[in-house]
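Structural overview
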Amino acid sequence: MMNHRAPARDTHVPDDMPHLEGVRHHFLALPGLRMHVAEAGSGEPLLLLHGALQHWWAWHEVLPALAQRYRVLVPDLRGFGWTDAPRCGYSRAQSTADLLAALDALGCGATRLVSTDMGALPAFGLCYDVPERVQAHVVIGVPPLPIKVGLRHLKAFLPLWHQEVGAIPILAPALLGRGRQPLARHMLLNFSPPGKPADPGEVERYLARLRLPGRARAASASIRELVLPELVRISAGRYRRMRLTTPTLVLAGTEDRSFPPSMLADLARTAEPWVDRMEVGTISGAAHYVAQEQPELLADAVLRFLGAETAPR
């Protein structure tokens, strides 16, 4: 009798998947997880990791420009978008393992990397755990992990009160996924630049996924099991006991209320003794959601840095 194996990839596109010209969709059968990955372009791989409550569509305005140069891979992280939302597995270690398994399934060795918001945590996980798999990393709106937080930095964390609320079981899923979804709306709408509100259609794409069974619970679990434990490790100086060897560009939106450029640059300076190669840059006219607010400027900065850092020397 022949042994029939399930295919490693499924390319059937669900009816509710947003369409973007030139994008291909894969559903990867990973250990314990069915992960959705959007792909565009060809050449050397470039992995994009979205932030909290978002999914692959967060990169849709940046993706076409990057796909002219790279094979761009945009996964939905565990619990988000069209990736499975199991009840467990939202730690940094498991999130990093998910990404490694996805890269293996897609036939990628070393990759370039762009991350933002919550996605920066498993991104840095790749840089620390398997540095040979990451050639360069652009991180948006998040400081490098070996930072030393002083009293002068505490004001940067005040607008992030939603993280503590978002971690509360039962209450947080209700605020994220039911009724008017007030906590989700706060997180997606209240961090835009002055005079440039978030696109309501795009926000609705994220809110709609959170209304599906299990999705708001998964979002809360990500905050509780990934974000808050990593903040504790950062504060305790765990990342000052290891070395970041990946060339890293830290980008800040000039209008970001939580980590304005001066604050992000100051935090980055405290991390310098534990980082081999790091640059800090700004994106004018952007706040927290840089990929939506200034996609052309972001794409230019990413292409310039990645090209310079991974060119033959």
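Since this is a predicted model, take the numbers as computed values, not measurements. (Residues numbered from 1 in each chain as written. Predicted model: local features only at pLDDT ≥ 70, side-chain atom pairs only at ≥ 80, totals over all residues. Heavy atoms only, no water.)

1. Digging into the pairing of strand S7 (residues 134-140)
In plain terms, the rule: Buried means the residue's accessible area, taken with a 1.4 Å probe over protein chains only, is under 20% of the maximum for its type, while exposed means over 50%, and partly exposed covers the values in between. Helix numbers and strand numbers start at the N terminus; a helix is a DSSP run of H or I with at least 4 residues, a strand a run of E with at least 2. The pairing criterion is simple: DSSP has to find at least two bridges between the two strands. Handedness of a crossover: with both strands directed away from the viewer, a clockwise path from the first strand across the helix to the second marks it as right-handed.
In terms of burial, S7 is a largely internal element, six of the seven residues being buried. Inspection of the sheet shows strand S6 (residues 111-116) paired to S7 by six bridges, in the parallel sense. Following the sheet pairing, Thr 111 is matched in S7 by Val 134. In the classification by handedness, the crossover that spans S6, the intervening helix H3 (residues 120-129) and the parallel S7 is right-handed. Bridge count between S7 and strand S8 (residues 248-253): four bridges; the pairing is parallel. Across the sheet, Ile 140 pairs through a bridge with Leu 251, a residue of S8.

2. Side note on helix H9 (residues 261-271)
To keep it simple, the criterion reads: In this description, contact between two residues means that some pair of their heavy atoms is separated by no more than 4.5 Å.
Most of H9 is tucked away: nine of the eleven residues are buried. Buried residues of H9: Pro 261, Met 263, Leu 264, Ala 265, Asp 266, Leu 267, Ala 268, Thr 270 and Ala 271, and no others. Looking at the buried residues of H9, the elements they touch are S8 and strand S9 (278-283).

3. Observations concerning the packing of aromatic side chains
Stated formally: For Phe, Tyr and Trp, where Trp contributes only its six-membered ring, two rings pair if their centres lie within 6.5 Å, and the inter-plane angle classes them as stacked under 30 degrees, edge-to-face over 60, or tilted in between. In this scheme, Lys NZ or Arg CZ marks a charge over a ring once it lies within 6 Å of the ring centre and within 35 degrees of the ring normal.
Applying the stated criterion across every chain, the model contains two aromatic pairs. Judged by centre distance (5.3 Å) and plane angle (90 degrees), the ring pair of Trp 56 and Trp 57 falls under edge-to-face. On the accessibility criterion, Trp 56 (0% relative accessible area) is buried. A relative accessible area of 7% means that Trp 57 is categorised as buried. Here the aromatic rings of Tyr 128 and Tyr 239 are separated by 5.1 Å at their centres, their planes lie at 45 degrees, and the arrangement is tilted. Of this pair, Tyr 128 sits in helix H3 while Tyr 239 sits in the loop between helix H8 (215-235) and S8; the two residues are 111 residues apart in sequence, bridging distant segments of the chain. The pair formed by Tyr 128 and Tyr 239 is uniform in burial state, with each residue classed as buried. One residue, Arg 205, lies across the ring of Trp 57, its end atom 4.6 Å from the ring centre.

4. As for the packing of helix H2 (residues 92-105) against H3
This is how the line gets drawn: Interaxial angle, 0 to 180 degrees, is taken between N-to-C directions of lines fitted to C-alpha atoms, where a helix line uses only the stretch in contact. Here the word oblique covers every angle except those under 35 degrees (roughly parallel), over 145 (roughly antiparallel) and from 65 to 115 (roughly perpendicular). Polarity classes work like this: nonpolar for Ala, Val, Leu, Ile, Met, Phe, Trp, Tyr, Cys and Pro, charged for Asp, Glu, Lys and Arg, and polar for all others, with Gly in that last group.
As a packed pair, H2 and H3 sit with axes 9 Å apart at the nearest point and diverge in direction by 75 degrees. As judged from the angle between their axes, H2 and H3 are roughly perpendicular. Contacts between H2 and H3 involve Arg 92, Ser 95, Thr 96, Leu 99 and Leu 100 from the former and Leu 121, Pro 122, Gly 125, Leu 126 and Asp 129 from the latter. For the contact of H2 with H3, the residue count by class is five nonpolar, three polar and two charged.

5. Some details on a nonpolar patch on the surface
Here is the rule we go by: Patches in this entry comprise residues that are over 30% relatively accessible and not in a salt bridge; like charges within 9 Å are linked, as are nonpolar side chains (Val, Leu, Ile, Met, Phe, Trp, Tyr) within 5 Å. Per-residue accessibility takes into account occlusion by the displayed protein chains alone, with areas from the Shrake-Rupley method and a 1.4 Å probe. By convention in these notes, a salt bridge is any Lys or Arg side-chain nitrogen within 4 Å of a carboxyl oxygen on Asp or Glu.
On the surface, a cluster of nonpolar side chains totalling about 300 Å² of accessible area is made up of Val 149, Leu 151 and Leu 154. The residue Leu 154 is located in the loop between S7 and helix H4 (161-166) in this model. For Leu 154, a relative accessible area of 43% translates into the label partly exposed.

6. Concerning the packing of helix H6 (residues 182-189) against helix H7 (residues 200-210)
Two quantities define a packed helix pair, namely the angle between the axes and the distance from one axis to the other. Applied cut-off: Left-handed describes a crossing whose near helix is turned anticlockwise from the far helix through less than a right angle; right-handed describes the clockwise counterpart.
Here H6 crosses H7 at 150 degrees, and the two axes come no closer than 11 Å. With respect to H7, the axis of H6 lies roughly antiparallel. The handedness of the crossing between H6 and H7 is right-handed. Side by side, H6 and H7 meet where Ala 184, Arg 185, Leu 188 and Leu 189 of the first sit next to Val 203, Tyr 206, Leu 207 and Leu 210 of the second. Its residues assigned to classes, the contact of H6 with H7 shows seven nonpolar, no polar and one charged.

7. A closer look at H7
Selection rule: This arc corresponds to the set of directions leading from the helix axis out to the C-beta atoms.
Where H7 is concerned, the buried positions are Glu 202, Val 203, Tyr 206, Leu 207, Arg 209 and Leu 210. Buried residues of H7 fall within an arc of 160 degrees about the axis and therefore sit on the same side. On the buried face of H7, the contacting elements are helix H5 (171-177), H6, H8 and helix H10 (290-293).

8. What about the nonpolar core?
To keep it simple, the criterion reads: To qualify as a nonpolar core, a set must consist of buried Ala, Val, Leu, Ile, Met, Phe, Trp, Tyr and Cys residues joined through side-chain atoms within 4.5 Å.
Counting 100 residues, the largest nonpolar core has Leu 53, Trp 56, Val 72, Val 114, Leu 298 and Leu 306 as its most contacted members. Looking at this core, the element that brings in the most residues is H3, giving seven residues. For Val 72, the residues in contact, after removing those within four places along its chain, are Ala 38, Glu 39, Ala 40, Leu 46, Leu 48, Leu 63, Leu 66 and Ala 67.

9. Structural notes on the side chain of Thr 96
Tracing the backbone shows Thr 96 in helix H2. Overall, Thr 96 belongs to the buried group, its relative accessible area being 2%. Among all residues touching Thr 96, those that are not within four sequence positions of it are Pro 122, Gly 125, Leu 126 and Asp 129.

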